[in-house]
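Overview (structure and organization)
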Amino acid sequence: MFKQSGYDLHRNGIPGVRRMLVIGPQDAGPGCVKEPGKIRKGDKKMLEVIKVSKKYGKTLAADEVGFTVPDGKVGILLGPNGAGKSTVIKSIAGLLRFQGEVRIQGMNSKTMEAKKVFAYVPELPFMYDSLTVREHIDFITRAYGVQATEEEIGELFERFELTDKQQKLGNELSKGMMQKVSICCALIIKPKVILLDEPMVGLDPAAIKELKKVILELRDGGCTILISTHMLDMVKDLWDVTFVMNKGKILGTYVKENLEDKDLEELFFQVTGQAEHSGEESLHTEEE
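Residues numbered from 1 in each chain as written. Predicted model: local features only at pLDDT ≥ 70, side-chain atom pairs only at ≥ 80, totals over all residues. Heavy atoms only, no water.

On to the pattern of salt bridges, then. A full pass over the atoms with the stated rule returns twelve salt bridges. A salt bridge links D220 to R219; the nearest nitrogen and oxygen atoms lie 3.5 Å apart. Under the relative-accessibility criterion, D220 is labelled exposed at 61%. R219 gets classed as partly exposed once you look at its relative accessible area, which sits at 22%. When the shortest N-O distance is used, the salt bridge between R219 and D240 registers 3.4 Å. One end of the pair, R219, is in helix α7 (residues 205–220); the other, D240, is in the loop between α8 (232–235) and β9 (241–246), with 21 residues separating them in the sequence. (Salt bridge = Lys/Arg side-chain N within 4 Å of Asp/Glu carboxyl O. Buried < 20%, exposed > 50% of the residue type's maximum accessible area, 1.4 Å probe, protein only. Helix = DSSP H or I, 4+ residues; strand = E, 2+ residues; numbered from the N terminus.)

Given below as structure tokens:
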């Protein structure tokens, strides 16, 4: 459904698919996980990013990036503009060629089996001009080979205020409405792992509130979630584990239960070494 440069449905399969860290300086701080590949003993590794590297010409955008989001947890990939988040996200989603490996439920992310349990909500949604909102949902369920009842579809549309937009064509929707459709298409397949890239950009307050509820419901249902964002306020109540990235590297991995009452924003500025005022400016722009 979501058209991306260089991505072909018939060549790559289902659309939308596609040692843990480098510890930074001594300011990595308490709560940082220091053993590669480990979050907590006994956690299943539902999403594994293993030594992912990507170059654009001579620029190394991702430098052996590695982290794990365990089963039924919400992971947050944080970083300022230009940190390399988008490169890592597109690599996980299968939209870029890269060195390294991504594993979903223990399966290589390039396999059809992995893609069938993986959903992706891109930062910039793209809809087919000639398909209605409802037809996009139908297209996705057929592509993934999943069954969705009218009740399930209706509930999604109601939650994201799309009930009266079902017959609207893709080119008749605002960016916010397109984002809602994108989210619904990801949810309708009942994924076991879901990747959301700046999912709240363009959404109205009611939709943001509803999306937060959905994320927590997914987590409680055992789904593994990775959110890439620079909007700290939007995710401060959602995360279980946070990966702080800058200049193509993971600077630290932090588990919420190990940090007591430490504020996510305070943690980010401490790890990246950015001045708070300059960090806020870069963290709230739409482009990475």
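Okay, back to it.
Volume-wise, the second largest cavity comes out at about 30 Å³. Breaking the lining of the second largest cavity down by element, the ones donating at least two residues are β8 (224–229) and α8. Among the residues making up the lining of the second largest cavity, the classes are represented as six nonpolar, one polar and one charged. (1 Å grid on protein atoms, 1.4 Å probe; cavity = no way out; pocket = protein on both sides within 12 Å on 5 of 7 lines; lining within 4 Å. Points joined across faces, edges and corners; volume = space filled by probe spheres on them. Nonpolar A, V, L, I, M, F, W, Y, C, P; charged D, E, K, R; others polar.)

What follows is about the confidence of the model for the protein. Scored by pLDDT, the protein comes out at a mean of 81, with 78% of its residues at no less than 70. Between the elements of the protein, mean pLDDT differs from a low of 36, seen in helix α1 (residues 9–12), to a high of 96, seen in helix α5 (residues 150–159). Across residues 1–39, confidence stays below pLDDT 50; counting only partners more than four residues off in sequence or on other chains, it has 123 contacts. This stretch, residues 275–288, has a pLDDT under 50; its non-local contacts, to residues over four places away or in other chains, come to 34 contacts. (pLDDT = per-residue confidence, 0-100. Contact = heavy atoms within 4.5 Å.)

With the rule as written, the count across this model stands at three aromatic pairs. On the basis of an interplanar angle of 85 degrees and a centroid distance of 6.2 Å, the ring pair of Y128 and F139 is categorised as edge-to-face. On the criterion of sequence distance, the pair formed by Y128 in the loop between β6 (118–121) and α4 (133–144) and F139 in helix α4 is long-range, its members being eleven residues apart. With relative accessibility at 26%, the residue F139 sits in the partly exposed group. An aromatic cluster of at least three residues, connected via ring pairs, comprises F126, Y128 and F139. Over the ring of Y56 we find K54, and its NZ or CZ is 5.5 Å from the ring centre. Between the NZ or CZ atom of K110 and the centre of the ring of F98, over which it lies, the distance is 5.6 Å. (Phe/Tyr/Trp six-rings, centres within 6.5 Å; stacked < 30°, edge-to-face > 60°. Lys NZ or Arg CZ within 6 Å of the ring centre and 35° of its normal.)

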